[in-house]
Amino acid sequence: MANLNWKPFVYGGMASIVAEFGTFPIDLTKTRLQVQGQSQCMEVRYRGMFHALLRIGREEGIRALYSGISPALLRQASYGTIKIGTYNTLKKLFVSRPEDETMVINVFCGVVSGVLSSSLANPTDVLKIRMQAQGSLLQGSMMANFINIYQTEGTRGLYRGVIPTAQRAAIVVGVELPVYDITKKHLIGSGLMGDTVLTHFISSFACGLAGALASNPVDVVRTRMMNQRVLSGNFLYKGTLDGLMQTWRNEGFFALYKGFWPNWLRLGPWNIIFFITYEQLKKLPL
C-alpha cells in the first residue's frame, strides 16, 4: 500500500467528468434509441441519432438533452475515479515499469477495475438511465427520483441491471484501457511519434472504436433492464443472456447493435476528451 498513488484516482475522476459533460447529449440519444422496441416503449419515435437530437430538442427543449446529467456526473465522479485509480494501482502490482506491461496483464487489470467500479456506481447509473429514457415524464430533482426508486422498488431497484452493467464494464474497460496503453506504447516505441497530444488522440480513437464494437450488445440489454420498472414481480428479461436472446429472437441480430453509431460517436469523443485531459493533468507539477 506504500506504493498507492492518489493522482490516478483524482485525475481519472476529473477527466471523466469533463468527458461526460462534453458528450452527454449523444449518450442520451443512444439511450432513447436502445429502449425503442422494448414492450413499454413500442413506438418508434427516432430514426437515428441526429433525428433524435433534433426531435428531443424541438419537442422537449434543449435542456432535455441534458436529462440525467446530475447522476451522470455523480457516476463519473465515482466510477471514473475508482476505475482509473484501481487500473493503474493493479498494474503496478505486476510490473514496475510501463515498458514491461503486456496485453494479458492490462486486460486482467481492466476487467477487475471495470467490474469493481461499475458495481459500486450502479445506483447512479440506474437513475441516469431512467432520467434519460423518460425525459420530461420523470419529474423532480435527482435526489427526489433516487428516493422514489428506493421507495417503490427497494434496494434491488437501485441495483437493477448490476450484472449486465458489470459485464459491460468488464468488456469496455478490459478492451479500452489496454488498447489505449498498447497503442500508445507502440506508437512511441516505434519512434513514429512522441508522447504528444496527437499520440493520445490516435490511441484514444482506436480504443473508443474497439470498446463500442465489443460492448454494444451487452449495453443494449443493460439499458433495457435498467429502464424496466418491476412493480408486480414480472420481469421482461430474466438476465443478460435471456435479454440478448429475446432481443435477437424478437427484433433480429442487428437489434443488438441499436444505438451503435451514437455509442461509438460518444465513446470516440468521450475517450479522446478523457485521455487528452487525463494526460495533461498528469503533467501538472504536483
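Calculation rules
Residues numbered from 1 in each chain as written. Predicted model: local features only at pLDDT ≥ 70, side-chain atom pairs only at ≥ 80, totals over all residues. Heavy atoms only, no water. UniProt positions renumbered as here; feature names shortened; annotations may be inferred. Helix = DSSP H or I, 4+ residues; strand = E, 2+ residues; numbered from the N terminus. Polar contact = N/O pair within 3.5 Å; in protein donor to acceptor, adjacent residues only side chain to side chain. Salt bridge = Lys/Arg side-chain N within 4 Å of Asp/Glu carboxyl O. Buried < 20%, exposed > 50% of the residue type's maximum accessible area, 1.4 Å probe, protein only.

An unreviewed UniProt entry annotates the chain as Brain mitochondrial carrier protein 1 originating from Ictalurus punctatus. Note on the chain: under the UniProt heading Sequence similarities (unreviewed entry), the record states "Belongs to the mitochondrial carrier (TC 2.A.29) family." Annotation of the chain in UniProt includes, under Subcellular location (unreviewed entry), the sentence "Mitochondrion inner membrane".

Quick look at the environment of Y180 now. Turning to its location among the elements, Y180 is positioned in helix α7 (residues 162–189). Of the polar contacts made by the side chain of Y180, one reaches the side chain of E279; its length is 2.8 Å.

Before going further, it helps to examine the pattern of salt bridges. What the rule picks out here adds up to 13 salt bridges. Among the salt bridges present, the one from E60 reaches R32, with a minimum N-O distance of 3.1 Å. Pair noted here: E60 is in helix α2 (residues 49–60) and R32 is in helix α1 (residues 7–35), with a separation of 28 residues, a long-range link. Relative accessible area serves as the criterion here: at 26%, E60 is assigned to the partly exposed category. Classification of R32 as buried rests on a relative accessible area of 4%. Note that K91 is salt-bridged to E101, the shortest N-O span being 3.2 Å. Of this pair, K91 sits in helix α3 (residues 69–94) while E101 sits in the loop between α3 and α4 (103–120), and the two are 10 residues apart along the sequence.

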